[in-house]
Amino acid sequence: MTDPKTIMRKETEETASVVETLLSAEVATLAEIGRLFSERRPAVVTTAARGSSDHAATFFKYLCEIIAGIPVASIGPSVASVYGTKLQLGNAVHFTVSQSGASPDIVALQRAARDGGAVTVAVVNEMESPLARQADIVLGLHAGPERSVAATKSCISAAAALAAVTASITGDEALKAALARLPASLAVSTSLSDRAFVNWLAGAGSVYVCGRGTGFAVALEAALKAKETCGIHAEAFSLAELMHGPMRLVESGFPILAFLGQDAAQERNVEALNRLTAIGGDVLAIGSGARRERGIATVTSGHGLVDPLVGLAAFYSLIEQVALARGLDPDKPHNLKKVTETV
């Protein structure tokens, strides 16, 4: 009998076990990175990535800046691969995040970062890739083969790996405890579904996706998935930015998807969503801070900055069903392929 599940659905459901495996298998590497930060005391951390991997890097940016107080800057790969810039990174640590580790531009940027004085860390799924072979330290994702064009388990595993890096360099016990609970929370979230919400999003032509902090990083990823799997014009904004110019487009019935967690921004986020609702926005919240009457309430990992990953797993399940409802194959999006090698 043919399995009716899409590859995207299967790979989303593998996320919990992938995260559990990487947190166990990479203990020594995470400790090495912790020692590196203790000895080097970098004034800045840099990252390079594209697509879903870049959203995992953005998740790390907020987490590291909020918990460790270390600025994290994203460097565009073309700075090295196209423009040939010589970087000046002093005692920095540079992270490159990639599922395949094969794109020439991110490999070139990693090389430029090392030549500019940084220690390089490859956060990568393909351990024999050019990126992994040329890095000073390799942090494996242990996601296994990922066949769906829409990256799911590799994105969440990359964000979880970088959260574990943050825990290692800070010794933050609350973050460590949340990561220990994360696989169980992910396992529950991938089974959440609501046909009414599927129909709501399936009928959308455009949608705003929003959040704050690590929730904004997840919003960026959700907007990408809405585009690539469903052909929905989705724009991601920080809820703070949405209160400025973008709010001009909100009118009666305009769909807004919000990642709402239980962190320091929760009260302000609720106020912003209430304001958007008052001017006609049709708001659906996802996360541990979502109201059950108009949202997908996810279980908490015990840490408000980690919880958006749980919400993202729930969103992956939702958007896969939305694609099917629109008569599309989420595994084979139009015009796209799994590995894109840019220069």
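This text goes with the structure placed above it.
Below, the structure is looked at part by part.

The rules we used
- Residues numbered from 1 in each chain as written.
- Predicted model: local features only at pLDDT ≥ 70, side-chain atom pairs only at ≥ 80, totals over all residues.
- Heavy atoms only, no water.
- Phe/Tyr/Trp six-rings, centres within 6.5 Å; stacked < 30°, edge-to-face > 60°.
- Helix = DSSP H or I, 4+ residues; strand = E, 2+ residues; numbered from the N terminus.
- Pairing = 2+ DSSP bridges.
- Axes fitted to C-alpha atoms, helices over the stretch in contact; angles between N-to-C directions.
- Contact = heavy atoms within 4.5 Å.

### Considering the packing of aromatic side chains
As enumerated under the stated definition, the model contains six aromatic pairs in all. Here the aromatic rings of Tyr62 and Phe216 are separated by 6.4 Å at their centres, their planes lie at 90°, and the arrangement is edge-to-face. Of this pair, Tyr62 sits in helix H4 (residues 51-67) while Phe216 sits in helix H11 (residues 214-230), and the two are 154 residues apart along the sequence. Relative to Phe254, the ring of Tyr208 lies with its centre 4.8 Å away and its plane at 55°, an arrangement referred to as tilted. Residue Tyr208 is found in strand E6 (residues 206-211), and its partner Phe254 is found in the loop between helix H12 (239-242) and strand E8 (255-259); the two are separated by 46 residues along the sequence.

### Quick look at the sheet that holds strand E2 (residues 72-74)
Here we have five strands laid out as an open sheet, ordered E2-E1-E3-E4-E5, and parallel in their pairing. The two strands at the open ends of the sheet, each matched to only one other strand, are E2 and strand E5 (137-140). In this sheet, neighbouring strand axes are inclined to one another by 25° on average, regardless of whether the strands run parallel or antiparallel. Note that strand E4 (residues 119-124) and E5 share four bridges and pair parallel. Looking at E5, one finds that Val124 is bridged to Gly140. Here helix H3 (residues 27-40) sits on the sheet in contact with strand E1 (45-48), strand E3 (93-98), E4 and E5, set at roughly 140° to E5. Helix H8 (residues 153-170) contacts E3, E4 and E5 of the sheet and is inclined by roughly 160° relative to E3.

### Overview of the side chain of Ser129
Note that Ser129 resides in the loop between E4 and helix H7 (130-134). For Ser129, the contacting residues outside a window of four places in its chain are Ser100, Gly101 and Val124.

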